[in-house]
Amino acid sequence: MREFDLGRAVPRTEDFPLLRGRGRYTDDIALPRQAHLYVLRSPHASARMRAIDLGAATAAPGVVAILTGKDAERDGLGTFSSAVQRKRPDGTANFVPPYRVLALDRVRHVGEPVAAVIAETLSAAKDAAELLDVDWEILPSVTDTAAASLPGTAAVWDDVPDNICFIHRVGDKAAVDAAFARARHVVAQRFRISRVAANPMEGRTALGVYDERDGRYTLYAGLQGVHRTRVELASSIFRLPTSRFRVVSPDVGGGFGMKGSAFPELALVLWAARRIGRPVKWTAERSESFIADHHARDNVSDVALALDEHGMFLALRVETVANLGAFLATMGVHVATNNLGGLAGTYTTPYLHATVTGVFSNTSATCPYRGAGRPEASYCIERIIDIAARDIGFDPVELRRRNMIPAEAMPYKTGLVFTYDSGEFEKTLDMALELADWTGVAARRAEARRRGKLYGAGLASVIEIAGGPADFPLEEAIEIRFDPTGHATVLAGTHSHGQGHETMYRQFAGHLLGLAPERVRILYGDTDAVFHGRGTFGSRSASVGGAAFVVAARKIIDKGKIIAGHLLEASALDIEFADGRFSVAGTDRTVDLAEVAVASFIPQRVPRGLELGLDARAVVTPPGPTFPNGCHVCEVEIDPETGVVKIVRYTVVDDVGRVVNPLLLKGQIHGGIAQGAGQALCEALIYDHASGQLLTGSFMDYCMPRADDLPSFAVGSNEVPAKTNPLGIKGAGEAGTVGALPAVLNAVNDALGPLGIRHFDMPATPERLWRAIRDAEAKKMPLSQ
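What counts and how
- Residues numbered from 1 in each chain as written.
- Predicted model: local features only at pLDDT ≥ 70, side-chain atom pairs only at ≥ 80, totals over all residues.
- Heavy atoms only, no water.
- Pairing = 2+ DSSP bridges.
- Helix = DSSP H or I, 4+ residues; strand = E, 2+ residues; numbered from the N terminus.
- Domains from an automatic or database assignment.
- Contact = heavy atoms within 4.5 Å.
- Buried area = accessible area lost by both parts, 1.4 Å probe.
- Buried < 20%, exposed > 50% of the residue type's maximum accessible area, 1.4 Å probe, protein only.
- Polar contact = N/O pair within 3.5 Å; in protein donor to acceptor, adjacent residues only side chain to side chain.
- Phe/Tyr/Trp six-rings, centres within 6.5 Å; stacked < 30°, edge-to-face > 60°.
- Lys NZ or Arg CZ within 6 Å of the ring centre and 35° of its normal.

## Observations regarding the sheet that holds strand 6 (residues 133-138)
- Across the sheet, 3 strands lie side by side as 4-2-6; this open sheet has antiparallel pairing. Only two strands of the sheet have a single partner each, and these edge strands are strand 4 (106-107) and strand 6.
- Both strand 2 (residues 47-53) and strand 6 contribute to a ladder of 6 bridges, which runs antiparallel. Paired with Ala-51 across the bridge in strand 6 is Asp-135.

Next comes the structure, spelled out in structure tokens:
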């Protein structure tokens, strides 16, 4: 039983059915009389719909109904909300575009839903959609982030002629300006962080059911949080009580933040099901996902670091333009503004100031994606430190070390918005350098040079917020319910889409209640079964869900002591609990938790007046967020003849607080590194600036990292327990991505440095690297022979 205690490397309990093909994803669900929905999408980045002719499509074989934006307006459907609000330059609230389920008279990005075709089969729906005749008036568009707010640029929304959604400032501008004025060194650089797609293995799918008997809607969809989606659909779109909606999220093949957003298709299948009186299913194809899913990242930052003559950081200034897309995703504004605290990094920089200008463009909305603003912040600070080291002549390790926050300074209020509760940043740095054999870098560089390769080594000391936001951490719910046979069901408000929550919660049950894993069932992702929950995002499930589990377990134990005292003929005050057994203090009389649970359902075996059954629920709001941190070391080789870059070594030491399960931790770190490295080396969504068309709309053009692009990772851990939750957990889901993005690009730039290249932006594709190397060589060539 104790093999499932915390800290043990137990295999994932949920994998056996998944590996045998017995997972149950939304697309696996087929209901009687189910119809299929296909979405006609805008082929233009900006256009006015003069008219849409439904005649031929309506008469096509198998068509059940065709719905348009005007139908949605007549039926009173509302628009999606934005969870976070900021200010316009004039101090007024930022403009929230009317994000409809179907476009009304105007489209504002390629892929925007125009009409929903419902038919007996998907093929029939597709065939009918080709018969829809839309009279388009093509309008000017803008897709480039840096150009979106420039004078003369096409306005995405008439209400916002300058395309500026908000300007958000944080930090002490006056102190920063003064520090820059007295600095010995000022290092500045513009960074472009590319737009990327989440591309989960399972695309988005939705199945809607309407029961006219009680006027109730049921949605099956791959989501990261069912309760938040239910509230959004009920309140913003249908304007009905949440009790009229059930949302079920079965197995989910990856989410990465994107599936935490509300999307038009979720509402479309429910609305269509009510209109036709039958279940309606929609499943995205991969090419559709590229234009229909929300995108991520996409910002341009001007970063400047001020240093004194000893290399001490005096101030950091960051001015960012963040591309929000044409609409605001549920948490789109959050991504651009709520994780700016990460700019402080692991350093004692006394003064920081950041300005974020959120702009609209004729592109898909941007939403959280593994890291949600933290990789961008870490990239800005870690990249500018490496540039400063090269420009001024410092060793990059030494420059970081002399500016690091010492462990004895904890808790530490940074120069921006975060207060770190714990961390041993220099120790983590030293552990990573030792694990990476940093002293051997020079020899490996020389050996690579002999083979004609450019060699680079880069590191990043990063920190992120988890379980936040910082100013109002969100609650999580857990219910533990025993049945009459003594088995327990854990109903979790979080949602697992690959993280291994079923294993984690069974480990919590073993650690806190002494329950064997086979006696514990885990249930989540159903609003009719789970009474409350915030869902899974922000690396919060283990820390906040774990804190709720602790409280619920204590309630189980407290009631169990009363029942155990009755069974053992002792006072509840004399009952102790350990390792799944209740005992009378100072005696050998014991009864285990399962026996107590069975007895709790038998009136004759519990004290008179005590409510039957053994169950408890807890909703816990943590006192503050956690701050996972770590040090990543990446080593690359670049072939100057082809531009191909290869990661040859990768090392990471992370402080994720108390480690629940080393196997799960390594899995999370590995996946995060792959996604961070993918963006650094190859991933990019690219729009044609003239037409607004997405040029990388398939895996033929959008490059994804593959297994053979990555080496075996060396992973270490420096456990420093968090102070803000009872289990000391900090979180690990996004740590790999937060560190990989800057570490990989620092390594690439280190390799390019000897050629005179000061900075090379992502993605480091072979073609872009080859051109950069050729350009650098040309600049070094004499003007005449």
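Next comes the rest of the description.
## A look at the domain arrangement of the protein chain
- Looking at the protein chain, the domain boundaries give domain 1 (31-139 + 199-292), domain 2 (296-396 + 403-469 + 624-779) and domain 3 (474-620).
- Once you take the C-alpha centre of each, domain 2 and domain 3 turn out to be 40 Å apart.
- Counting residues at the interface gives 20 residues for domain 2, matched by 18 residues for domain 3.
- Of the roughly 1300 Å² buried between domain 2 and domain 3, counting both surfaces, carbon and sulfur atoms make up 61%.
- When residues of domain 2 are sorted by the area they lose upon contact with domain 3, Val-660, Leu-664 and Leu-727 head the list and together hold 32% of the total.

## With respect to the side chain of Ser-600
- Secondary-structure assignment places Ser-600 in the loop between helix 16 (593-599) and strand 25 (615-620).
- Residue classification places Ser-600 among the buried residues on the basis of a relative accessible area of 0%.
- A polar side-chain atom of Ser-600 sits 2.6 Å from the main-chain carbonyl oxygen of Ala-597.
- Setting aside residues up to four positions removed in sequence, Ser-600 forms contacts with Ile-563, Val-606, Leu-612, Gly-613 and Leu-614.

## Here we look at the packing of aromatic side chains
- A complete count under the given rule lists 21 aromatic pairs for this structure.
- Arranged with centres 5.0 Å apart and planes meeting at 40 degrees, the rings of Tyr-217 and Phe-238 form a pair that is tilted. Placement of Tyr-217 in strand 10 (residues 216-221) and of Phe-238 in helix 6 (residues 226-238) is noted, with a sequence separation of 21 residues between them.
- Seen from their ring centres, Tyr-217 and Phe-245 are 4.9 Å apart, and the 10 degrees between their planes marks the pair as stacked. Here Phe-245 lies in strand 11 (residues 245-248) and Tyr-217 lies in strand 10, a separation of 28 residues in the sequence.
- What makes Tyr-217 buried here is its relative accessible area of 3%.
- Accessibility expressed as a relative area gives 1% for Phe-245, which makes it buried.
- Taken together, the aromatic side chains of Phe-80, Phe-95, Tyr-99, Trp-157, Phe-327 and Phe-360 make up a single cluster linked through ring pairs.
- For Arg-108, the ring lying beneath its charged end belongs to Trp-157, and the centroid distance is 3.6 Å.
- Stacked on the ring of Phe-180, the Lys or Arg Arg-317 has its end atom at 4.1 Å from the ring centre.

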